[in-house]
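# Per-entry structural report
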Amino acid sequence: MKIRFTEPYITGDEEIYIKDVLKRGRLAGDGFYTKEVNKFIQDRFNTPKALMMTSGSTALDAALIILDIQEGDEVILPSFTFVSTANSVILRGAKCIFVEVDEFLNLDLDAVENKITEKTKLVMPVHYASTSCDMDRLMELSEKYGYFVVEDAAQAVNAKYKDRFLGTIGHIGCYSFHETKNITCGEGGALLINTEDKLLQERAEIVREKGTNRSKFFRGEIDKYSWVDMGSSYLPSDILSAFLLAQFNHLDEIQELRKEPYLYYQKNLKHLEEKGVLQLPKTPDYNQINYHIFYLLLNTEEERNQLMDYLKDNGINAVFHYLPLHDSTKGHSLGYKNGDLPFTESISSRLLRLPLYSGLSIEETKFIVNKINRYFGL
Ligand SMILES: *Cc1c(COP(=O)(O)O)cnc(C)c1O
């Protein structure tokens, strides 16, 4: 048996919707399907303004432009994240203040509070595996110290903190629809403006439309559009939005299909955790996850690498991530070094992600679990 690490799930409706785009004869962004997707996100996840973007990365980039993050500003973020979170900061010329994660692999809020200065303009929680830090506390601190919150909710579409959806709690939230995420259109993202601040919402439209007030023009609110601010082209083609809407219309089904293998892993690997040879993912009580990632934490880096090799030899593609950003080539050039964030470094060296996707069958999951048990001689 050969088992891939991830595989996109196709509902069958994508083709129908894309054919409809071709029939409508408008391929650029902000056509019928882009508007439908924006509306779907607003209604389903409950946020005043959602905008389709070309990727989760460009959503993050645009978020920091919209909030005017600039040189001299400090942005607090975890080192344990994907490169795009940090790129959005350095692209603005601002400073990355990397901090530790907690046992749930989310921003450690005590570490955040320790790093707040007058220059702190923004904190970026990353909802790892669709779990989150205590968002109430983060937002209270944001009021107290006057910083913005941009949620990197790339992995957290349809996951919740208490009774609210992740991505809709901070001032701005960013989703990703990359092929590896639960809901996908190959490459895509969304920007969620979660405040009723009309100026901020308007600026988001402008930045996304190459710095012009074209969106206002199309709504008939002004009689000509012009260059009013900085921006770029962040609109995906309506073809991609059509693909995405097909996926969103099957959101529950797609998530249910990931839940099965996730729960199977959890149930059938529990005894290894009880024996103390590894740890399973932890979820805070306040989160409702979307089953994006299932990981194992081994006791040492060597054991992680050995298990990974063993699974590879058995046709199972399990992978590790993230290499801590503070301990990367770029991180070192920003003044960080190995040893600065020991917990993050330890997690990164011991974590192993198991295959998890909507098309992963229970037979395949069973096969993986059996191999892991065999590796530990059980
Ligand atoms: C996937 C991901 C991104 C980037 O999303 P893209 O759509 O691939 O640009 C950013 N942050 C995190 C945490 C991610 O998992």
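Residues numbered from 1 in each chain as written. Predicted model: local features only at pLDDT ≥ 70, side-chain atom pairs only at ≥ 80, totals over all residues. Heavy atoms only, no water.

### Description of the site of the ligand
Contacts to the ligand come from 13 residues, most closely from Gly56, Ser57, Asp152, Ser176 and Lys181. Serine 57 is positioned such that a nitrogen or oxygen atom in its side chain is 2.5 Å from an oxygen atom of the ligand. In the environment of the ligand, an oxygen atom lies 2.6 Å from a nitrogen or oxygen atom belonging to the side chain of serine 176. Coverage of the ligand by the protein amounts to 93% of the 380 Å² it exposes when considered alone. Of the residues that constitute the shell around the ligand, the class distribution is 4 nonpolar, 7 polar and 2 charged. (Near = heavy atom within 4 Å. Polar contact = N/O pair within 3.5 Å; in protein donor to acceptor, adjacent residues only side chain to side chain. Areas by Shrake-Rupley, 256 points an atom, 1.4 Å probe, with all protein chains shown as cover. Nonpolar A, V, L, I, M, F, W, Y, C, P; charged D, E, K, R; others polar.)

### Some details on the environment of glycine 29
With respect to the secondary-structure elements, glycine 29 resides in the loop between α1 (13-24) and α2 (32-45). Since its relative accessible area comes to 16%, glycine 29 is described here as buried. Taking the C-alpha atoms as reference points, glycine 29 and threonine 54, separated by 25 residues in sequence, lie 9.8 Å from one another. Contacts of glycine 29, omitting those with residues within four sequence positions, involve Thr34, Leu235, Pro236, Ser237 and Asp238. (Helix = DSSP H or I, 4+ residues; strand = E, 2+ residues; numbered from the N terminus. Buried < 20%, exposed > 50% of the residue type's maximum accessible area, 1.4 Å probe, protein only. Contact = heavy atoms within 4.5 Å.)

### Some points on the packing of aromatic side chains
This structure, assessed with the given rule, holds 22 aromatic pairs. What links up through ring pairs into an aromatic cluster is the set Phe40, Phe45, Phe165, Tyr175, Phe177 and Phe248. Its end group placed over the ring of phenylalanine 32, arginine 24 keeps NZ or CZ at 3.7 Å from the ring centre. (Phe/Tyr/Trp six-rings, centres within 6.5 Å; stacked < 30°, edge-to-face > 60°. Lys NZ or Arg CZ within 6 Å of the ring centre and 35° of its normal.)

### Quick notes on the sheet that holds strand β6 (residues 160-161)
Ordered by their spatial adjacency, 3 strands build an open sheet running β7-β6-β11, and the pairing between neighbours is antiparallel. Either end of the sheet is taken by a strand with one partner, and the two such strands are β7 (164-165) and β11 (287-288). Relative to β7, β6 runs antiparallel, the two being bridged by 2 bridges. Within β7, the position partnered with lysine 160 by the bridge is phenylalanine 165. (Pairing = 2+ DSSP bridges.)

### Some remarks on the pattern of salt bridges
Summed over the entire model, instances satisfying the criterion amount to 23 salt bridges. Taking the shortest distance from any N to any O, the salt bridge between arginine 203 and aspartate 229 comes out at 2.6 Å. Remark: aspartate 229 occurs in the loop between α8 (214-218) and α9 (238-248) and arginine 203 occurs in helix α7 (residues 198-208); sequence separation between them is 26 residues. We classify arginine 203 as buried; its relative accessible area is 16%. Relative accessible area serves as the criterion here: at 22%, aspartate 229 is assigned to the partly exposed category. Among the ionic pairs, arginine 214 bridges to glutamate 209, the shortest N-O distance being 3.2 Å. By relative accessible area, which is 1% here, glutamate 209 ends up buried. A single network of salt bridges, built from pairs that share partners, joins Lys49, Glu205, Arg219 and Glu221. (Salt bridge = Lys/Arg side-chain N within 4 Å of Asp/Glu carboxyl O.)

### Considering the sheet that holds strand β10 (residues 278-279)
The antiparallel open sheet is built from 3 strands, whose spatial order is β10-β12-β13. The sheet is open, and its two borders are formed by β10 and β13 (351-353), each paired with just one other strand. Of the strands in this sheet, β10, β12 (295-298) and β13 are in contact with helix α13 (residues 342-350), which crosses β13 at around 45°. (Axes fitted to C-alpha atoms, helices over the stretch in contact; angles between N-to-C directions.)

### What about α7?
The buried count for α7 comes to 8 of 11 residues, which makes it a mostly enclosed element. The elements touched by buried residues of α7 are α2, β1 (49-53), α3 (56-66), β9 (189-193) and α8. Measuring from the backbone nitrogen of leucine 199 back to the side-chain oxygen at the start of α7 gives 3.0 Å, which picks out aspartate 197 as the cap. Trailing α7 by a residue or two, lysine 210 shows a phi angle of about 60°, which is positive.

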